[in-house]
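Single-letter residue listing:
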Number of protein chains: 2
Amino acid sequence: MVNLLSVAQILKEKDNIEILTHHYPDGDTLGSAYALCLMLQTMGKNARVITSGTPAQKYDFLKNGVIEQEFEREFVVSVDVAAPSLLGENQAEYEGIIDLCIDHHRINSIVAKEKFVDADSASASEIIFRLSKAMEIALTADMAACIYTGVSTDTGCFRYSNTTPETLRIAAELMEITPDWHRINTVMFEMKSKEKLRLERMVYRTLEYFCDGKGALIYTTLEMQEEAGVPDGELEGLASIPRQIEGVLLGITMKEKEKGIYKVSVRTNENVNAAEFCALFGGGGHNAAAGCTVEGTLEEAKEKLIKAAQEVL
Amino acid sequence: MVNLLSVAQILKEKDNIEILTHHYPDGDTLGSAYALCLMLQTMGKNARVITSGTPAQKYDFLKNGVIEQEFEREFVVSVDVAAPSLLGENQAEYEGIIDLCIDHHRINSIVAKEKFVDADSASASEIIFRLSKAMEIALTADMAACIYTGVSTDTGCFRYSNTTPETLRIAAELMEITPDWHRINTVMFEMKSKEKLRLERMVYRTLEYFCDGKGALIYTTLEMQEEAGVPDGELEGLASIPRQIEGVLLGITMKEKEKGIYKVSVRTNENVNAAEFCALFGGGGHNAAAGCTVEGTLEEAKEKLIKAAQEVL
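Attention in this report is confined to the structure presented alongside it. (Residues numbered from 1 in each chain as written. Chains lettered and ligands numbered in written order. Predicted model: local features only at pLDDT ≥ 70, side-chain atom pairs only at ≥ 80, totals over all residues. Heavy atoms only, no water.)

## Concerning the overall build of chain A
Then comes step 1: Secondary structure assignment for chain A yields 12 helices and 11 strands.
Then comes step 2: Computed over its C-alpha atoms, the radius of gyration of chain A comes to 19 Å, within 12% of the 20 Å expected for a compact globule of 313 residues.
Then comes step 3: Projected onto the principal axes, the alpha-carbon positions of chain A cover approximately 55 × 40 × 35 Å.
Then comes step 4: Every one of the 313 residues in chain A was classed for burial, and the buried ones make up 58%.
Then comes step 5: Long-range pairs, those at least 24 residues apart, make up 64% of the contacts in chain A with a sequence separation of at least 6.
Then comes step 6: Accessible surface for chain A amounts to roughly 12,900 Å². Of this, 46% is attributable to carbon and sulfur atoms. (Helix = DSSP H or I, 4+ residues; strand = E, 2+ residues; numbered from the N terminus. Rg over C-alpha atoms; globule rule 2.2 N^0.38 Å. Buried < 20%, exposed > 50% of the residue type's maximum accessible area, 1.4 Å probe, protein only. Contact = heavy atoms within 4.5 Å. Areas by Shrake-Rupley, 256 points an atom, 1.4 Å probe, with all protein chains shown as cover.)

Structure representation (structure tokens):
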């Protein structure tokens, strides 16, 4: 693995750079990608971000200041992408041709010419912050807003156990650069559309406990989503509901993505390992937050998950 | 108003000190009070905290390390108390005999021999942190846990607009002293009892919009509370529900405290002033978060509040 100064050196030497995010892009992968894109464009280089799937509208502001440039790619960077499958619709085109992988997931299976993976960073955006220092780039308000978005969203606004004193000091520095930090917090953590709230009320009704209340499961179906009028990109945040319940060690959130295909988010407390649980279904992630995909009818998928959970708990 | 070094000097000279919190005590008033109590006891002084109302059980850990001491009071300090009426059951005994008032509310009507009110501090606990430096006291893990609790709860875990870069730097320093910061976040911001969740589901059903969705109101009644099995001290957090809804500028949460008496929490967005709104009902608070009490039947109380809100919006 290269160190951060080498990453800075590599990027200084390259041009015509494409930056890849993971699919179902979140605040960290998008914040990292657009901040890096702005940094590279500031250095006079051509750069663009390639997302997999259309990001939710609330992330539109991350593109502020980014210039659309026409060029033929010469160098590919992935940010916050832990595995080739997470490239989503871009996997076919990009797997195997990634030049530089920047990530913070403990397990990273991307094949790239150079890799910088720092699992002690709470977010990929923290790495981009440090990279800006290594590249001696003075952060603009737009860059700081991107990085703040990643740093705050990946730590649940500095609430989760991955937060470090350095995370807070980085955020303090970013607050001094971007006046938008509070608007970002509001949009990322507070605001819910009336439709989202309607869906949440429906989701609360699906709550079921298992293993004497040590497990909890909620779900959304395409039908519920349609009835509430919520677009796909706005399903974030549901995953934290089951784990918040006192006594729950393993919380499962199932979201029907296509008929019979459920995207599953698992959140755990104490010593239950979410990544290991999701690995049983071919997924992965962090110790306390991981994901996988399960197929079948609602009842079948639920049964598979609860059965596996019963073995773990 | 005295400066912080004078506050430190005054406290160094005094002994047999009682520290008062506001009623319905929250993380900031309790965190400030117990941290200060620990600091004074560390200096070899007698000190105790006098709360108004029994704090919720989740705050019990704030007493860690505090020694119960028998003494006759010689000096009275109030922390985070903005007005005499907020002393609650202690008002009759203590109004007029407070020696030192430490607070961060812009409007503070406590009469005290000396006052230190810093409205730029996000929490009273931030002031206690600075006071520990002025008093040259090395914070213990217990003190840091108290201060962290106040600093984080009064900023919604660093999410609200009152957060400053200094708030984050203080929190970073506290994280380095107390290993408990994450458990504190979990208890303060994540954990919900199964009963609380049941009540929340009931509260969601009371949601009503007014003024074309610019206002939203929810309520709990004693009956709902009893049906869900939730004790009074566990009603926190409900107040943030209405303001989170997109387009809502003024969110009202009514909690029935006694038959026909509603404690009202008001949260506002943008330029709607919550303190001014609550002042119409004899209450007060901050620009974006304030409280008051309204009497009457549920329908009467709702009507009064919505009518007043219609004039403001």
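Okay, back to it.
## Quick notes on helix α1 (residues 4-13) of chain B
Residues and elements named next belong to chain B.
Then comes step 1: Here α1 has its buried residues at L4, V7, A8, I10 and L11. Taken around the axis of α1, the buried residues stretch over an arc of 160 degrees, which confines them to a single face. What points out from α1, more than 90 degrees from its buried face, is the exposed set L5 and E13.
Then comes step 2: Between the side-chain oxygen at the start of α1 and the backbone nitrogen of L5 there is a gap of 3.1 Å, and the oxygen is on N3. (Arc of directions from axis to C-beta. Polar contact = N/O pair within 3.5 Å; in protein donor to acceptor, adjacent residues only side chain to side chain.)

## Describing the sheet that holds strand β11 (residues 289-295) of chain B
Strand pairing in a sheet relies on backbone hydrogen bonds. The paired strands run either parallel or antiparallel.
Residues and elements named next belong to chain B.
Then comes step 1: Spatially, the 6 strands line up as an open sheet ordered β6-β7-β8-β9-β11-β10, and their pairing is mixed. Since the sheet does not close on itself, it has two edges, and those belong to β6 (208-210) and β10 (284-285), each with one partner.
Then comes step 2: Pairing of strand β9 (residues 261-268) with β11, which is carried by 7 bridges, proceeds in the antiparallel orientation. Within the sheet, the bridge partner assigned to I261 lies in β11 and is E295. (Pairing = 2+ DSSP bridges.)

## Some words on the interface of chain B and chain A
Then comes step 1: Opposite the 38 residues of chain B that make contact, chain A presents 38 residues.
Then comes step 2: Here chain B meets chain A over a buried area of about 3,900 Å², counting both sides, of which 58% is carbon and sulfur.
Then comes step 3: It is R159(B), E190(B) and Y204(B) that lose the most area in chain B upon contact with chain A, and together they represent 20% of the buried surface on that side.
Then comes step 4: Across the contact surface, chain B and chain A share 5 salt bridges. (Buried area = accessible area lost by both parts, 1.4 Å probe. Salt bridge = Lys/Arg side-chain N within 4 Å of Asp/Glu carboxyl O.)

## Regarding the nonpolar core
Then comes step 1: Judged by nonpolar contacts, the single largest core of 112 residues is most densely connected at L11(A), L36(A), L131(A), L11(B), L36(B) and L131(B).
Then comes step 2: Excluding residues within four positions of it along the chain, L36(A) makes contact with L11(A), I19(A), V77(A), V79(A), I128(A) and L131(A).
Then comes step 3: The next biggest cluster of nonpolar side chains, apart from the first, holds 80 residues, and it includes F210(A), I218(A), L305(A) and L298(B). (Core = buried A, V, L, I, M, F, W, Y, C linked by side-chain atoms within 4.5 Å.)

## Focus: the pattern of salt bridges
Oppositely charged side chains can form a pair if their charged atoms are brought close together.
Then comes step 1: With the rule as written, the count across this model stands at 31 salt bridges over all chains.
Then comes step 2: Among the salt bridges present, the one from R169(A) reaches E176(B), with a minimum N-O distance of 3.0 Å. Remark: E176(B) occurs in helix α6 (residues 165-177) and R169(A) occurs in helix α6 (residues 165-177); the pair is interchain, linking two chains.
Then comes step 3: Taking the relative accessible area as the measure of exposure, R169(A) reaches 32% and is therefore partly exposed.
Then comes step 4: A salt bridge links E299(B) to K302(B); the nearest nitrogen and oxygen atoms lie 3.8 Å apart. Of this pair, E299(B) and K302(B) both sit in helix α12 (residues 298-312), 3 residues apart, which is roughly one turn of the helix.

## Looking at unusual backbone geometry
Then comes step 1: Residues other than glycine seldom take positive phi values, yet D212(A) does so here, at roughly 55 degrees.
Then comes step 2: Relative to the helices and strands, D212(A) resides in the loop between β6 (208-210) and β7 (215-220).
Then comes step 3: On the accessibility criterion, D212(A) (81% relative accessible area) is exposed.
Then comes step 4: One non-glycine residue, C211(B), adopts positive backbone phi at about 50 degrees.

## Quick look at the pairing of strand β4 (residues 98-103) of chain A
All names here are of chain A.
Then comes step 1: In terms of burial, β4 is largely enclosed, as 6 of its 6 residues are buried.
Then comes step 2: The sheet contact formed by strand β3 (residues 75-79) and β4 spans 3 bridges and is parallel. Its bridge partner being in β4, S78 is matched across the sheet by C101.
Then comes step 3: Sheet analysis places β4 next to strand β5 (residues 112-117), joined by 5 bridges and oriented parallel.

## Some points on the relation of the copies chain B and chain A
Then comes step 1: Its rotation angle being 180 degrees, the transformation that places chain B on chain A also includes 0.0 Å of axial translation and leaves an RMSD of 0.1 Å. Here the symmetry operator amounts to a two-fold rotation axis.
Then comes step 2: Residue by residue, 100% of the interface of chain B is reproduced at the interface of chain A, so both copies engage with the same surface. (Least-squares fit on C-alpha atoms with pLDDT ≥ 70 in both.)

## Things to note about the pairing of strand β7 (residues 215-220) of chain B
Every regular strand shows the same layout, with side chains that alternate between the two sheet faces.
All names here are of chain B.
Then comes step 1: Where burial is concerned, most of β7 is hidden: 6 out of the 6 residues are buried.
Then comes step 2: Side chains G215, L217 and Y219 of β7 all project onto a buried face; the interleaved residues A216, I218 and T220 project onto the opposite face, where all are buried too.
Then comes step 3: Examined bridge by bridge, β6 and β7 share 3 bridges and lie antiparallel to one another. Directly across from F210, in β7, lies its bridge partner G215.
Then comes step 4: Here β6 folds back onto β7, and the loop between the two strands holds 4 residues, one of which, C211, carries a positive phi near 50 degrees.
Then comes step 5: Across 6 bridges, the pairing between β7 and strand β8 (residues 250-258) is parallel.

## Focus: the packing of aromatic side chains
Then comes step 1: This structure, assessed with the given rule, holds 6 aromatic pairs over all chains.
Then comes step 2: Taking the centre distance of 6.1 Å and the plane angle of 70 degrees together, the rings of Y148(A) and F158(A) count as edge-to-face. Taken together, the positions of Y148(A) in helix α5 (residues 141-153) and F158(A) in the loop between α5 and α6 put the pair 10 residues apart, joining distant regions of the chain.
Then comes step 3: Ring geometry for F277(A) against F281(A): centres 5.8 Å apart, planes inclined by 55 degrees, an arrangement best described as tilted.
Then comes step 4: Aromatic ring contacts, followed pair by pair, group Y148(A), F158(A), Y148(B) and F158(B) into a single cluster.
Then comes step 5: One Lys or Arg, R243(A), reaches over the ring of Y160(A) and ends 5.9 Å from the middle of that ring.
Then comes step 6: Above the ring of Y209(A), the side-chain terminus of K194(B) is found at 4.9 Å from the ring centroid. (Phe/Tyr/Trp six-rings, centres within 6.5 Å; stacked < 30°, edge-to-face > 60°. Lys NZ or Arg CZ within 6 Å of the ring centre and 35° of its normal.)

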